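# Results of the structural survey
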Amino acid sequence: MTAPILRVADLTVEFTTGEDTVRAVSDVNLEVYPGRTLAVLGESGSGKSVTAQTVMGLLDTPPGRIVAGSVVFDGTDLLKAKEKVRRQVNGEGVAMVFQDALSALNPVYTVGHQIGELLRVRRGMSRAAARKRAIELMERVRIPAAARRVDDYPHQFSGGMRQRIMIALAVALNPRVLIADEPTTALDVTVQAQIMELLTDLQRENGMGLVLITHDLGVVAEVADDVAVMYAGRIVERGTVQELFASAAHPYTKGLLRSMPRPDREADELWAIPGAPPSLVRLPPGCAFQPRCDVAVELCSVQRPELTAVAAGRSSACHRREEVFHGRA
Ligand SMILES: Nc1ncnc2c1ncn2[C@@H]1O[C@H](COP(=O)(O)OP(=O)(O)OP(=O)(O)O)[C@@H](O)[C@H]1O
Ligand code: SF4
Ligand SMILES: [Mg+2]
């Protein structure tokens with residue numbers, strides 16, 4: 001495999017509100033490779049969006065605080081880079097499709113204006129050239145009658161179409177890495193499939209590294225190459241998608257796989273991991289998954305398991321990782 005284009009190393013991010021400090025992201029390590037799709041998978045509140053926002057430079061002001069770590073894009077640590085470098089990398093180096101397309105678009109400007117403005121400011125295009133390119137980008141994300149719709153406002157588009165416009169904005173400057181934060185969660189299943197297909201097509205055309213943030217295992221199975229599973233702000237398991245689906249090495253991943261709907265499973269056979277994710281304010285000293293884990297041992301409540309290799313390219317943060325990995329626990 002070639003070198004990663006983006007590497008997040010030992011990232012820790014906290015939020016302080018009043019007396020409480022929430023450690024939203026702890027010691028997170030991720031590598032994004034050109035032309036590959038990394039899925040970041042985890043329940044609500046596990047730190048997926050905070051990780052992405054930190055990469056985009058959106059979390060360096062209170063109440064957020066980057067406690068430790070680095071975000072290295074193409075050899076430059078963005079957390080230490082000058083504002084000018086940072087601004088240039090955003091959009092051209094790394095771009096993001098935000099979780100909520102409606103609030104990410106400005107309601108008072110037409111979509112053509114919003115895409116065009118980006119091209120005018122960043123590429124120095126003339127008004128006419130920017131408009132022409134905006135239409136091309138809208139066509140590229142398959143907006144029907146793009147030449148006519150370029151003058152419409154965001155609210156005049158359906159949810160799926162708005163998401164396409166967000167994608168057009170994100171790829172307008174040909175980024176080398178695209179982060180898509182739950183790009184299909186609010187959409188119906190057919191539209192979800194179309195958006196995922198669009199993202200993977202764009203990735204193939206441009207050789208982008210794609211980071212797909214999701215809690216949908218079906219989406220992961222379909223499009224990911226590599227997977228990082230997050231739980232309570234930490235990565236608890238990593239591996240390629242085939243390996244991870246074939247033999248999970250963390251009880252949380254196992255639980256997620258067991259709860260995945262499949263054609264060969266009746267609806268009443270569907271299983272849910274008992275309990276809920278812990279509060280990040282006062283995390284217990286041991287494994288954060290311990291209260292929900294059916295194979296926990298005494299050590300689990302006193303010592304935190306580190307992310308450790310179980311096989312080449314596979315790692316798990318579990319004291320019983322070997323047994324879980326080999327199906328003995
Ligand atoms: N601006 C903020 N101020 C305080 N706490 C925050 C802020 N943003 C996020 N958090 C906290 O950080 C934790 C991780 O949030 P994050 O948004 O990364 O979760 P997520 O994995 O993206 O969840 P979801 O699937 O619901 O989008 C949560 O506990 C959240 O309450
Ligand atoms: S460390 Fe212990 S509690 Fe945590 S997942 Fe592994 S077995 Fe379960
Ligand atoms: Mg999120």
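Quick caveat, the model's predicted, so the values are computed rather than measured.

Reading guide: rules and limits
- Residues numbered from 1 in each chain as written.
- Chains lettered and ligands numbered in written order.
- Predicted model: local features only at pLDDT ≥ 70, side-chain atom pairs only at ≥ 80, totals over all residues.
- Heavy atoms only, no water.
- Near = heavy atom within 4 Å.
- Polar contact = N/O pair within 3.5 Å; in protein donor to acceptor, adjacent residues only side chain to side chain.
- Areas by Shrake-Rupley, 256 points an atom, 1.4 Å probe, with all protein chains shown as cover.
- Helix = DSSP H or I, 4+ residues; strand = E, 2+ residues; numbered from the N terminus.
- Nonpolar A, V, L, I, M, F, W, Y, C, P; charged D, E, K, R; others polar.
- Phe/Tyr/Trp six-rings, centres within 6.5 Å; stacked < 30°, edge-to-face > 60°.
- Buried < 20%, exposed > 50% of the residue type's maximum accessible area, 1.4 Å probe, protein only.
- Pairing = 2+ DSSP bridges.
- Axes fitted to C-alpha atoms, helices over the stretch in contact; angles between N-to-C directions.
- Contact = heavy atoms within 4.5 Å.
- Patch = residues over 30% accessible without salt bridge, like charges linked within 9 Å, V, L, I, M, F, W, Y side chains within 5 Å.
- Salt bridge = Lys/Arg side-chain N within 4 Å of Asp/Glu carboxyl O.

### A word on the site of ligand 1
Of all residues adjacent to ligand 1, which total 14 residues, the nearest are Ser44, Gly45, Lys48, Ser49 and Gln99. The side chain of Ser44 places a nitrogen or oxygen atom 2.5 Å from an oxygen atom of ligand 1. One of the backbone N or O atoms of Ser46 is found 3.1 Å from an oxygen atom in ligand 1. Coverage of ligand 1 by the protein chains reaches 66% of its 640 Å² of free accessible surface. If one sorts the elements of the shell around ligand 1 by residue count, helix H1 (residues 48–55) sits on top with three residues. Looking at the shell around ligand 1 residue by residue, the classes come out as five nonpolar, six polar and three charged.

### Structural notes on the packing of aromatic side chains
According to the stated counting rule, one finds three aromatic pairs in the structure shown. With centroids separated by 4.7 Å and ring planes inclined at 55°, the aromatic side chains of Tyr231 and Tyr252 adopt a geometry described as tilted. Taken together, the positions of Tyr231 in strand S9 (residues 226–231) and Tyr252 in helix H11 (residues 251–258) put the pair 21 residues apart, joining distant regions of the chain. By the burial criterion, Tyr231 is buried, and Tyr252 matches it. The interplanar angle of 85° and the centroid separation of 5.2 Å between the aromatic rings of Tyr231 and Phe289 together place this pair among those described as edge-to-face. Separated by 58 residues along the polypeptide, Tyr231 in strand S9 and Phe289 in the loop between H11 and strand S11 (308–311) bring together distant segments of the chain. Across this residue pair, the class does not change: Tyr231 and Phe289 are buried.

### Looking at the sheet that holds strand S7 (residues 177–181)
One open sheet accounts for eight strands, arranged S6-S7-S8-S3-S9-S10-S12-S11; its pairing is mixed. Both outer strands of the open sheet, strand S6 (94–97) and S11, are each paired with one neighbouring strand and no more. Taking the axes of each pair of neighbouring strands and ignoring which way they run, one obtains an average angle of 25° across the sheet. Sheet topology note: the strand S10 (residues 234–240)/strand S12 (residues 314–316) ladder contains two bridges and is antiparallel. Considered in S12, the bridge of Glu237 is made with Ser316.

### Regarding the environment of Glu139
On the secondary structure map, Glu139 appears in helix H5 (residues 127–140). Residue classification places Glu139 among the partly exposed positions, given a relative accessible area of 47%. Put simply, Glu139 and Gln242 are 103 residues apart on the chain and 34 Å apart in space, counted from C-alpha to C-alpha.

### Points about the side chain of Thr37
As for its position among the elements, Thr37 is in strand S3 (residues 37–41). Excluding residues within four positions of it along the chain, Thr37 makes contact with Gln203, Leu210, Leu212, Val223, Ala224, Asp225 and Asp226.

### Here we look at a nonpolar patch on the surface
A cluster of nonpolar side chains, namely Val297, Leu299 and Val302, defines an oily patch on the protein surface of about 240 Å² accessible area. Position of Val297 relative to the elements: it lies in the loop between H11 and S11. Among the residues examined, Val297 registers a relative accessible area of 36% and is labelled partly exposed.

### Focus: unusual backbone geometry
Cis rather than trans, the peptide bond between Pro62 and Pro63 has omega equal to 5°. You can see Pro63 is positioned in the loop between H1 and strand S4 (64–73). Within the chain, Asp27 stands out as a residue other than glycine whose phi angle is a positive 50°. Of note in this structure, Arg142 is not a glycine but carries a positive phi near 60°.

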